[in-house]
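Results of the structural survey
Each chain, letter by letter, is given below.
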Amino acid sequence: MKIRRDVFQAIADPTRREIIEKIAQGAMNLNAIAETFNSSRQAISKHIQILTECGLVVITQRGRERYCEAQLDKLNEVSDWVEQSRKQWINKFEKLDNYLNEIKTKDHETK
C-alpha cells in the first residue's frame, strides 16, 4: 500500500528541510548529500524517498551516479496555504477589534 504524501509532510522534518536547502543550490549526488549529515546513509535515503514522493525532489541518473534535484514550485502549496490562513486570521482579528471598539463606545456612552 502506497502512502499518499504531501509537501507539508516534507517540510515537517528539519532534516528534510535541510536537504531541500542544500539541493536548492544545485543538484547533488546521493552520497554527497548523505556525507553532510550525522545520520546513516539509509536514514538520508529514506528522507530523500519521502521528498521524492512529495514531489519536491527528482532523482536523475548520470552515468553511475544518482543526482537529486529540487522541484521548489511544489512549495507554492505551502505559501498559498499560509496566505489563506493569514487572511482568515486578519479577518477574525478585525472582527474582534470592531467588537471591542463597539463595547468601548457603549461603555463611554453609559458614563
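Residues numbered from 1 in each chain as written. Predicted model: local features only at pLDDT ≥ 70, side-chain atom pairs only at ≥ 80, totals over all residues. Heavy atoms only, no water.

Per an unreviewed UniProt entry, the chain goes by the name Transcriptional regulator and belongs to Pedobacter steynii.

1. Here we look at the overall build of the chain
Defined as follows: The helix count covers DSSP runs of H or I at least four residues long, the strand count covers runs of E at least two residues long, and both are numbered beginning at the N terminus. Note that the radius of gyration is over C-alpha atoms, with the globule rule given as 2.2 Å times the number of residues to the power 0.38. Think of it in three bands: residues with accessible area under 20% of the maximum for their type are buried, residues over 50% are exposed, and the middle band is partly exposed, with areas taken using a 1.4 Å probe on protein chains only. Contacts between residues were defined by any pair of non-hydrogen atoms, one from each residue, lying within 4.5 Å. The accessible surface values rely on the Shrake-Rupley method and a 1.4 Å probe; as for residues, cover is taken only from the protein chains in view. We treat Lys and Arg as the positive residues and Asp and Glu as the negative residues; His and chain ends play no part in the count. Charge coordinates come from a single atom per side chain, which is NZ of Lys, CZ of Arg, CG of Asp or CD of Glu.
Counting its secondary structure elements, the chain contains five helices and three strands. Ordering the α and β elements of the chain from the N terminus gives α-α-β-α-α-β-β-α. In summary, the chain has a C-alpha radius of gyration of 23 Å against a globular reference of 13 Å for 111 residues, an excess of more than 25%. Principal axes of the C-alpha set define a box for the chain whose edges measure 80 × 30 × 25 Å. Every one of the 111 residues in the chain was classed for burial, and the buried ones make up 23%. The long-range share in the chain, meaning contacts at least 24 apart out of those at least 6 apart in sequence, stands at 52%. Just so you have it, the chain exposes about 8,300 Å², and 49% of that area is on carbon and sulfur atoms. Of the charged side chains in the chain, 19 are positive and 17 negative; the average position of the first set lies 5 Å away from that of the second.

2. Details of the nonpolar core
Filter applied, for reference: What makes a nonpolar core is a set of buried Ala, Val, Leu, Ile, Met, Phe, Trp, Tyr and Cys residues whose side-chain atoms join them at distances within 4.5 Å.
One finds I19, I33, I44, I48, L51 and C68 to be the most contacted residues of the largest nonpolar core, which totals 19 residues. Listed by contribution, the elements that provide at least two residues to this core are α1 (7–11), α2 (14–24), α3 (30–35) and α4 (41–53). Broken down by element, this core gets its largest block of residues, four residues, from α4. The residues contacting I44, other than those within four sequence positions of it, are T15, I19, I33, A34, F37 and S39.

3. Notes on the sheet that holds strand β2 (residues 57–62)
The criterion, for reference: Strand pairing is assigned whenever DSSP identifies at least 2 bridges connecting the two strands. Only C-alpha atoms enter the line fits that serve as axes; for helices the fit covers just the stretch in contact. Angles between N-to-C directions range over 0 to 180 degrees.
In space, the three strands of this open sheet follow the order β1-β3-β2, with antiparallel pairing throughout. One side of each edge strand has no neighbouring strand; the edge strands of this open sheet are β1 (28–29) and β2. Sheet topology note: the β2/strand β3 (residues 65–70) ladder contains six bridges and is antiparallel. Paired with R62 across the bridge in β3 is E65. The sheet strands contacting α2 are β1, β2 and β3, and the helix crosses β3 at an angle near 95°.

4. What about α4?
Counting along an α-helix, one turn takes 3.6 residues, and residues three or four places apart therefore face a common direction. The test is simple: A helix is expected to span 1.5 Å multiplied by its residue count minus one.
Under the 1.5 Å per step criterion, the end-to-end length of α4 is 18 Å for 13 residues, consistent within 8% with the ideal 18 Å. Positive phi appears at G55, one or two residues downstream of α4, with a value of about 85°.

5. Side note on the state of the cysteines
The condition that has to hold: Any two cysteine sulfur atoms within 2.5 Å of one another count as a disulfide.
Under the defined criterion, the tally for this structure stands at zero disulfides. Unpaired in terms of disulfides, C54 finds its nearest cysteine sulfur in C68, a separation of 14 Å. The exposure class assigned to C54 is buried, which follows from its relative accessible area of 3%.

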